[in-house]
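Descriptive structure summary
The chain contents come next:
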Amino acid sequence: MSVSSDDEPLAQLKRRSNLRLTNFQTKMNKLQLYLNDQASNNDIFMIQSKLDSVLQLCAKIEYLKLDYYDITEDEQIADNDAEFEKMEDDLEYLKVSFQKILFQLNTVENVQMHKSGIPNEVFVKLPDVSLPEFNENIDNWSNFKAQFDSLITNNSTLNETQKLFYSRSVLKGDAKLVEIQEDTFNSLMKVLIDRYENKRLIVSNHILNILNIEKIHLESSKDLRNLVDTINKSLRGLKLLELEANELVHTKF
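Residues numbered from 1 in each chain as written. Predicted model: local features only at pLDDT ≥ 70, side-chain atom pairs only at ≥ 80, totals over all residues. Heavy atoms only, no water.

Looking at the overall build of the protein chain
To be explicit about the condition: Starting at the N terminus, helices and strands are each numbered in turn, a helix being any DSSP run of H or I of at least four residues and a strand any DSSP run of E of at least two. Note on exposure labels: buried denotes an accessible area under 20% of the residue type's maximum, exposed denotes more than 50%, and partly exposed covers the range between, all computed with a 1.4 Å probe on protein chains only. In what follows, a contact means two residues having at least one pair of non-hydrogen atoms within 4.5 Å. Accessible areas in this description were obtained via Shrake-Rupley with a 1.4 Å probe; residue shielding takes into account the shown protein chains only.
Along the backbone of the protein chain there are nine helices and zero strands. What you see in the protein chain, going N to C, is helices and strands ordered as α-α-α-α-α-α-α-α-α. Scored against the burial criterion, the 253 residues of the protein chain give a buried share of 35%. Restricting to contacts in the protein chain with at least 6 residues of sequence separation, those with at least 24 account for 71%. Total accessible area computed for the protein chain in this model is approximately 15,700 Å², and 51% of it derives from carbon and sulfur atoms.

See the structure below:
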């Protein structure tokens, strides 16, 4: 079947987009192989370089998604969304994994540099990696806690004093004003969990976010992208709650 002159530019754009997508997937696979086989044996600068590569891929994939919405038929959008969502999940895993390694390397280096002087209990050095922040928006709690647990709570190289310092540093807005009976990391986390880990309310908010999406009146790749992003964000938030399907069905609002 011959391609008309009008379809030729579109066909070329599709080919270029597909090549870029394949290239991004190849880079992600290489980063995953590096994480599995070599990450534990490298220095801070190499891990930072890999983390930078992940962040660059995140930005590039966002632009590629917009291109796909301009060239994809309506019936294929769902398939593309599923593919991009998987890539975003994989990139999120890579990002958090490299952040965790980088954080640990910074902590170990910090301890080695101060063995002869300041005790670990009072010395705290902020890592180069950015920590997730929480500003009391309950919709963001699940994502924040998952990343914070990976970087701080489950980090065996940190003592309780350091964990408390980092936990206070990432709280913003009213979340920073929470009152605790004991000035300890466990006490602070318990108060935060009791206040913000309300699964019923989080589920309700995510579902309302989906139900309250504004209708698209004119065809626009930007509006369509915003629609899909809103839905995916809420679905990802629900996924982080690790609710079984029957739990979600029987949740009362």
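So much for the structure itself; the text now carries on.
Thoughts on the pattern of salt bridges
Heads up, the condition is: Every case where a carboxyl oxygen of Asp or Glu lies within 4 Å of a side-chain nitrogen of Lys or Arg is listed as a salt bridge.
Evaluation of the coordinates by the stated rule reveals eight salt bridges. Among the salt bridges present, the one from Lys172 reaches Glu133, with a minimum N-O distance of 3.9 Å. One end of the pair, Lys172, is in the loop between α5 (160-170) and α6 (185-196); the other, Glu133, is in the loop between α3 (77-113) and α4 (141-153), with 39 residues separating them in the sequence. For Glu133, a relative accessible area of 53% corresponds to the exposed category. Glu160 is the partner of Lys163 in a salt bridge, and the nearest nitrogen-oxygen pair spans 3.9 Å.

Observations concerning α5
Our working rule: Here a polar contact is taken to be a pair of N or O atoms separated by no more than 3.5 Å, where protein atoms must pair a possible hydrogen donor with a possible acceptor and residues adjacent in sequence count only if both atoms sit in side chains.
Those residues of α5 not exposed but buried are Gln162, Lys163, Leu164, Tyr166, Ser167 and Val170. A distance of 3.1 Å separates the backbone nitrogen of Thr161 from a side-chain oxygen at the start of α5, and that oxygen is part of Asn159.

Brief notes about the packing of aromatic side chains
Put simply, the rule is: Between rings of Phe, Tyr and Trp, where Trp is taken as its six-membered ring, a pair exists when centres lie within 6.5 Å; planes separated by under 30 degrees are stacked, by over 60 edge-to-face, and by other angles tilted.
The tally for this structure, following the rule as stated, stands at nine aromatic pairs. Between the aromatic rings of Phe134 and Trp141, the centroid separation amounts to 5.2 Å while the plane-to-plane angle is 75°, which identifies the pairing as edge-to-face. For Trp141, a relative accessible area of 1% puts it in the buried group. Relative to Phe144, the ring of Trp141 has its centre 5.7 Å away and its plane inclined at 45°; by these criteria the two rings are tilted. Pair noted here: Trp141 and Phe144 are both in helix α4, with a separation of three residues, about one helical turn.

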